[in-house]
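Residues per chain are reported as follows:
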There are 2 protein chains.
Amino acid sequence: MLPFKTLIRTDKSLKLPVYQQIANRLIGLIQEGILKPGSFLPGSRVLALQLDLHRKTVIAAYEELISQDWLEAVPRKGMMVATNLPVIRPRSFRKVLQPYGEATAFSFHTPPAAPVMAPYPDASMPLVINDGFPDVRLAPLTDWVRECRSVIESARYHKLLMYGEAAGTTALRKEMVKYLSNTRGLNITADHVMITRGAQMAIYLAAAMIIKPGDYVIVGSPNYFFADLCFEQLGARLLRVPVDGEGIDVDVIETLCSQKKIRMLYLITHHHHPTTVTLSAARRMKLLEIIRKYKLPVIEDDYDYDFHYSSAPILPLASADHGGNVIYIGSFTKSLGLSIRIGFMIAPASFVAASAELRRLMDLRGDNLAEQALANLLADGTIARHLKKSNKIYRERRDLLCELLQQRLGKAVTFTPPAGGMAIWLRFSPKISLIKLAEKARGKGLRMSSGEQYHYGGKSVNGLRFGFASLNNRELRAAVAILESILDTAF
Amino acid sequence: MLPFKTLIRTDKSLKLPVYQQIANRLIGLIQEGILKPGSFLPGSRVLALQLDLHRKTVIAAYEELISQDWLEAVPRKGMMVATNLPVIRPRSFRKVLQPYGEATAFSFHTPPAAPVMAPYPDASMPLVINDGFPDVRLAPLTDWVRECRSVIESARYHKLLMYGEAAGTTALRKEMVKYLSNTRGLNITADHVMITRGAQMAIYLAAAMIIKPGDYVIVGSPNYFFADLCFEQLGARLLRVPVDGEGIDVDVIETLCSQKKIRMLYLITHHHHPTTVTLSAARRMKLLEIIRKYKLPVIEDDYDYDFHYSSAPILPLASADHGGNVIYIGSFTKSLGLSIRIGFMIAPASFVAASAELRRLMDLRGDNLAEQALANLLADGTIARHLKKSNKIYRERRDLLCELLQQRLGKAVTFTPPAGGMAIWLRFSPKISLIKLAEKARGKGLRMSSGEQYHYGGKSVNGLRFGFASLNNRELRAAVAILESILDTAF
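Given the structure is predicted, the values throughout are model-derived calculations rather than measurements.

### Digging into the overall build of chain A
What chain A contains, in helices and strands, is 16 helices and 15 strands. Projected onto its principal axes, the C-alpha positions of chain A cover 90 × 60 × 55 Å. Relative to its full complement of 491 residues, chain A shows a buried share of 61%. Intrachain contacts of chain A at a sequence separation of at least 6 include 71% that bridge at least 24 residues.

### Thoughts on the nonpolar core
One finds Trp144(A), Phe231(A), Phe466(A), Trp144(B), Phe231(B) and Phe466(B) to be the most contacted residues of the largest nonpolar core, which totals 303 residues. Discounting residues that sit within four places of it in the chain, Trp144(B) has contacts with Trp144(A), Leu369(A), Leu336(B), Ile340(B), Ala370(B), Ala373(B) and Leu377(B).

### Details of the packing of aromatic side chains
In this structure the tally under the stated criterion is 23 aromatic pairs over all chains. Relative to Phe351(B), the ring of Phe108(A) has its centre 5.0 Å away and its plane inclined at 80°; by these criteria the two rings are edge-to-face. Here the residue Phe108(A) occupies a position in the loop between β2 (78-81) and β3 (127-128), and Phe351(B) occupies one in helix α12 (residues 349-363), the pair thus bridging two chains. Grouping residues by exposure puts Phe108(A) and Phe351(B) together as buried.

### Some words on the interface of chain A and chain B
Contacts between the two partners involve 148 residues from chain A and, on the opposite side, 148 residues from chain B. In this structure, the connection of chain A to chain B is made through six salt bridges. Salt-bridge contacts for Asp367(A) lead to Arg197(B); the nearest nitrogen and oxygen are separated by 3.0 Å. Scanning the region where chain A abuts chain B turns up 51 residue pairs in polar contact (both at pLDDT 80 or more). Broken down by element, the side of chain A that touches chain B gets its largest block of residues, 11 residues, from helix α12 (residues 349-363) of chain A. Taken together, the residues that form the side of chain A that touches chain B break down as 80 nonpolar, 34 polar and 34 charged.

### Examining the packing of helix α5 (residues 141-152) of chain A against helix α13 (residues 368-379) of chain A
All names here are of chain A. Look at α5 against α13: their axes get within 9 Å of each other, and the N-to-C directions meet at 115°. When the interaxial angle is binned, α5 and α13 end up roughly perpendicular. Remark: the crossing between α5 and α13 carries right-handed chirality. The residues of α13 that touch α5, namely those facing Asp143, Trp144, Arg146, Glu147, Cys148, Val151 and Ile152, are Leu369, Ala370, Gln372, Ala373, Asn376 and Leu377. Taken together, the residues of the contact of α5 with α13 sort by class into eight nonpolar, two polar and three charged.

### Some thoughts on the environment of Arg360(A)
Looking at the element boundaries, Arg360(A) is found in helix α12. Judged by its relative accessible area of 14%, Arg360(A) falls in the buried class.

### Observations regarding the pattern of salt bridges
All names here are of chain A. Counted according to the given criterion, the structure contains 49 salt bridges over all chains. Of the charged contacts in the structure, one is a salt bridge between aspartate 380 and arginine 146, with a shortest N-O distance of 3.6 Å. A residue pair is termed long-range when its members are at least 10 positions apart, and aspartate 380 in the loop between α13 and α14 (382-409) and arginine 146 in helix α5 qualify at 234 residues. A relative accessible area of 22% means that aspartate 380 is categorised as partly exposed. Arginine 146 gets classed as partly exposed once you look at its relative accessible area, which sits at 23%. Connected via shared salt-bridge partners are Asp135, Arg137, Arg397, Arg474 and Glu475.

### Focus: the domain arrangement of chain A
Here chain A is partitioned into domain 1 (4-81), domain 2 (127-133 + 385-490) and domain 3 (141-380). Placing the centre of domain 1 of chain A and that of domain 2 of chain A at their C-alpha centroids yields a distance of 58 Å.

### A few points about the relation of the copies chain A and chain B
After a rotation of 180° and a shift along the axis of 0.0 Å, chain A superposes on chain B with an RMSD of 0.1 Å. Here the two chains are linked by the operation of a two-fold rotation axis. Taking the C-alpha atom as reference, chain A places Val145(A) closest to the rotation axis, 3.3 Å from it. When the interface residues of chain A are mapped onto chain B, 100% of them again lie at the interface, so the same face is used by both copies.

### With respect to helix α5 (residues 141-152) of chain B
Three- or four-residue spacings in an α-helix give side chains the same orientation, since the helix completes a turn every 3.6 residues. For α5(B), which comprises 12 residues, the first-to-last C-alpha distance of 17 Å matches the rise-based estimate of 16 Å (1.5 Å per residue) to within 8%. Every buried residue of α5(B) is accounted for by Leu141(B), Trp144(B), Val145(B), Glu147(B), Cys148(B), Val151(B) and Ile152(B). The arc enclosing the buried residues of α5(B), seen along the axis, measures out at 160°, which places them on a common side. The secondary structure elements touched by the buried residues of α5(B) are α5, α6 (157-162) and α13 of chain A together with α6 (157-162) and α13 (368-379) of chain B.

### Side note on the sheet that holds strand β15 (residues 463-467) of chain B
Residue and element names in this part refer to chain B. Sheet architecture is open: three strands sit in the order β12-β13-β15, paired in antiparallel fashion. Two strands in the sheet have a free side with no partner beyond their single neighbour: β12 (413-414) and β15. Summarising the sheet, strand β13 (residues 423-428) and β15 pair through five bridges and their orientation is antiparallel. Bridge pairing in β15 links alanine 423 to glycine 467. Helix α14 (residues 382-409) rests against β12, β13 and β15 of the sheet, and its axis sits at about 15° to β13.

### What about the sheet that holds strand β7 (residues 247-248) of chain B?
All names here are of chain B. The eight strands lie next to each other as β4-β11-β10-β9-β8-β5-β6-β7, forming an open sheet whose pairing is mixed. Two strands bound the open sheet, and with one partner strand each, they are β4 (193-196) and β7. Across four bridges, β4 lies against strand β11 (residues 343-346) in antiparallel orientation. By the bridge assignment for β11, threonine 196 is matched with glycine 343. Across the sheet, α12 is in contact with β4, β10 (326-331) and β11; its angle to β4 comes to roughly 25°.

About the thresholds
Residues numbered from 1 in each chain as written. Chains lettered and ligands numbered in written order. Predicted model: local features only at pLDDT ≥ 70, side-chain atom pairs only at ≥ 80, totals over all residues. Heavy atoms only, no water. Helix = DSSP H or I, 4+ residues; strand = E, 2+ residues; numbered from the N terminus. Buried < 20%, exposed > 50% of the residue type's maximum accessible area, 1.4 Å probe, protein only. Contact = heavy atoms within 4.5 Å. Core = buried A, V, L, I, M, F, W, Y, C linked by side-chain atoms within 4.5 Å. Phe/Tyr/Trp six-rings, centres within 6.5 Å; stacked < 30°, edge-to-face > 60°. Salt bridge = Lys/Arg side-chain N within 4 Å of Asp/Glu carboxyl O. Polar contact = N/O pair within 3.5 Å; in protein donor to acceptor, adjacent residues only side chain to side chain. Nonpolar A, V, L, I, M, F, W, Y, C, P; charged D, E, K, R; others polar. Axes fitted to C-alpha atoms, helices over the stretch in contact; angles between N-to-C directions. Parallel < 35°, antiparallel > 145°, perpendicular 65-115°, else oblique. Left-handed = near helix turned anticlockwise from the far one by under 90°. Domains from an automatic or database assignment. Least-squares fit on C-alpha atoms with pLDDT ≥ 70 in both. Expected span 1.5 Å × (residues − 1). Arc of directions from axis to C-beta. Pairing = 2+ DSSP bridges.

Here it is in structure tokens:
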């Protein structure tokens with residue numbers, strides 16, 4: 001008999017069950033030719049003794065190998081290594097396997113160039129100032145995994161997982177109706193809800209349904225860069241309307257509408273990206289009139305509505321008399337810890353139905369399991385609790401960062417404390433080069449943007465979004481201290 | 001003191017922890033006005049006694065409420081209901097909340113009409129013949145949830161979840177290189193791998209990068225309907241080339257290439273949809289010559305490569321000397337139980353980089369958590385074990401269904417047993433109306449397609465794909481018995 005005690009080592013501290021460790025090792029021994037086809041393995045009792053394991057564990061390993069066709073149970077003789085091994089070798093029709101290279105033999109369309117994105121952290125770079133991400137350390141991920149497990153342990157999960165609608169899982173769409181009514185006063189049914197992959201897919205879908213190449217689309221100046229790029233990819237011509245302290249300039253929108261056929265308006269009603277400004281109630285009133293008068297399709301991107309700290313958020317345009325012109329967009333991605341990307345689009349039912357058809361061509365549908373888990377977390381109040389907790393923490397972080405910036409970098413920067421969201425829009429005095437600042441910060445273990453992604457139409461703003469939500473008090477102090485030390489010496 | 005024993009009921013059998021149940025109920029009492037702002041709650045010891053719970057549970061509930069601003073801990077006096085309650089009421093700027101309706105005020109583009117999809121099951125309809133779905137009861141979903149938990153319990157998970165690349169999680173792209181080399185002989189690096197949401201997103205992305213409105217695209221006749229629709233949505237003119245027992249007719253492709261500028265060829269090399277035919281080695285050789293000669297961009301959709309039962313699969317075109325023209329597409333969706341939609345596209349590095357830019361505009365990126373979990377399952381062999389097991393089971397189901405169809409429905413149907421995949425392409429004799437058959441089956445608790453989705457260019461084929469993989473032996477027998485009883489009496 002082979003020295004199995006030496007050949008098979010198991011480790012109970014590993015995640016992989018011991019019987020699978022044994023099975024894997026036996027497959028290895030067969031593949032290496034140490035166990036020959038047609039040879040017999042020791043009985044489970046004997047092998048268990050040798051390996052100092054319970055006999056049931058060895059039996060489980062043997063059963064696994066039988067189910068995979070590596071072993072055959074021969075009556076009265078025991079476990080035989082299969083003579084017809086289940087090794088699938090694909091049939092080759094060419095001797096040489098050709099490597100893939102850098103270039104295609106054909107030309108292809110290059111999408112509009114994206115700006116340099118939020119910096120990536122690495123092990124040696126513990127501190128990152130991002131564009132306004134949540135703190136995923138606060139996200140209810142354990143609850144989410146618990147719900148996933150509970151779904152797949154339920155009796156009818158296989159029907160839930162096998163079939164699904166492109167507009168989203170029914171249970172989630174129904175929960176969304178309650179949630180959006182409670183938080184935003186939206187008067188809708190499940191037919192008005194389309195579940196998407198984050199707010200970004202909702203923007204892409206809605207825009208692709210509306211825009212044709214050459215169409216005029218109004219956006220803010222400045223504006224969220226991925227929305228701009230998305231509209232440009234679809235062939236739109238962008239008309240930029242200034243954003244001031246009350247939000248986008250509604251009078252300029254009206255003038256543009258009176259001058260030419262405007263196909264669509266994109267706006268961010270709370271905590272505008274990048275400026276963090278919230279559109280005032282007075283401008284919302286005025287805008288509703290314009291929308292109705294010109295039958296102007298509007299994408300109302302309200303991605304950060306759930307994170308508001310000063311006073312209260314304002315009801316969306318979508319809750320008012322917009323005459324069937326407003327497509328309302330939001331997201332749970334920032335509540336669920338960024339990796340689980342679930343957003344939504346609220347629109348007239350016929351628009352939702354057609355968007356679902358388009359979405360099927362893009363990726364068939366969402367992940368039913370994740371959508372069902374989110375529905376459960378909405379229903380049992382986990383999301384509401386999480387939002388309340390994180391709003392409190394983010395408000396404190398915002399206040400701390402405002403204080404630190406004022407006290408430590410007051411001469412170099414200007415900003416208005418945002419009423420919500422996850423970032424401060426920070427403008428630097430003209431004599432400070434953000435490229436130089438970011439480079440020096442990197443040398444001190446702090447990664448930050450050098451601001452290029454906020455240059456719109458080539459116009460430099462010498463500013464960046466300082467995301468405060470993902471940094472705790474210690475990290476905020478450390479980041480500002482690094483910036484202070486550089487500004488004191490280098491400029 | 002209020003009668004808390006009556007007011008607060010807890011249930012240990014619920015999923016929600018008891019302390020959260022208490023906290024939720026107290027919030028309810030505050031919101032209902034039963035607990036007034038400024039009033040005091042009993043001490044934790046007193047309340048614990050009343051509720052017959054451990055004191056720690058009550059303390060946890062109180063702490064939860066403090067963190068949510070519902071309570072304030074007043075030194076030496078105890079827990080006070082906050083005077084400034086954390087209820088956010090959005091500011092309204094219009095009295096009337098307007099309901100969303102059916103119609104938009106503006107016109108929009110309607111995507112090409114999709115065929116009636118695989119039928120949805122409901123509680124009263126236990127049996128479904130689908131288009132070729134896997135059996136999600138076999139999927140390694142418990143392993144997947146375990147990996148998700150293990151990722152979010154790891155020390156650096158927050159960096160992993162917060163930042164990610166549009167082309168996919170690095171760990172998964174690296175695992176894909178090994179996996180595709182082992183199973184398909186692909187000679188690639190991580191730069192050639194783009195992770196997508198299922199094969200469908202890979203098809204959409206690749207096609208959107210290549211096709212311009214008016215371009216000629218060659219597809220099979222018949223062909224996978226969602227690929228057809230996707231190309232039509234992008235403005236392509238489809239040229240249909242017959243598919244026979246050896247796959248798509250390569251000579252016809254060559255003739256077309258010599259006659260006009262063909263922009264792209266889409267083909268399914270294993271278990272073609274809907275016919276289940278595998279493209280022969282001889283035709284692959286011939287096709288490679290054509291591809292190189294005409295620099296013809298090819299989407300090689302090999303979505304079902306991992307499920308092959310008779311002999312061995314054939315190496316993909318992508319592994320041979322295609323001259324940088326082949327975009328290779330596959331999927332893990334069928335291994336992971338359909339709901340977790342992860343697919344991939346293999347292409348020259350420059351094409352992958354540009355596709356990642358386009359994908360960012362569509363939905364920013366994939367779910368890092370799901371991608372990392374899949375990487376772990378590939379690395380520890382779980383996916384390979386699952387494939388081996390399910391291939392064995394699916395082969396048995398295919399063989400059983402072929403036998404049942406031959407014995408029970410032999411006069412009414414014709415088919416060729418497929419070498420792999422998850423469905424049999426079943427053609428009915430002309431005198432049988434599939435619409436009538438499906439309707440009668442429905443009355444007997446069996447849902448099935450009436451075949452319209454397989455009509456291509458208006459041409460009826462009087463056939464359907466009989467998905468065998470998701471039905472166990474008992475279910476296969478039951479489904480065929482119902483069909484037999486209808487065919488015996490109704491036709």
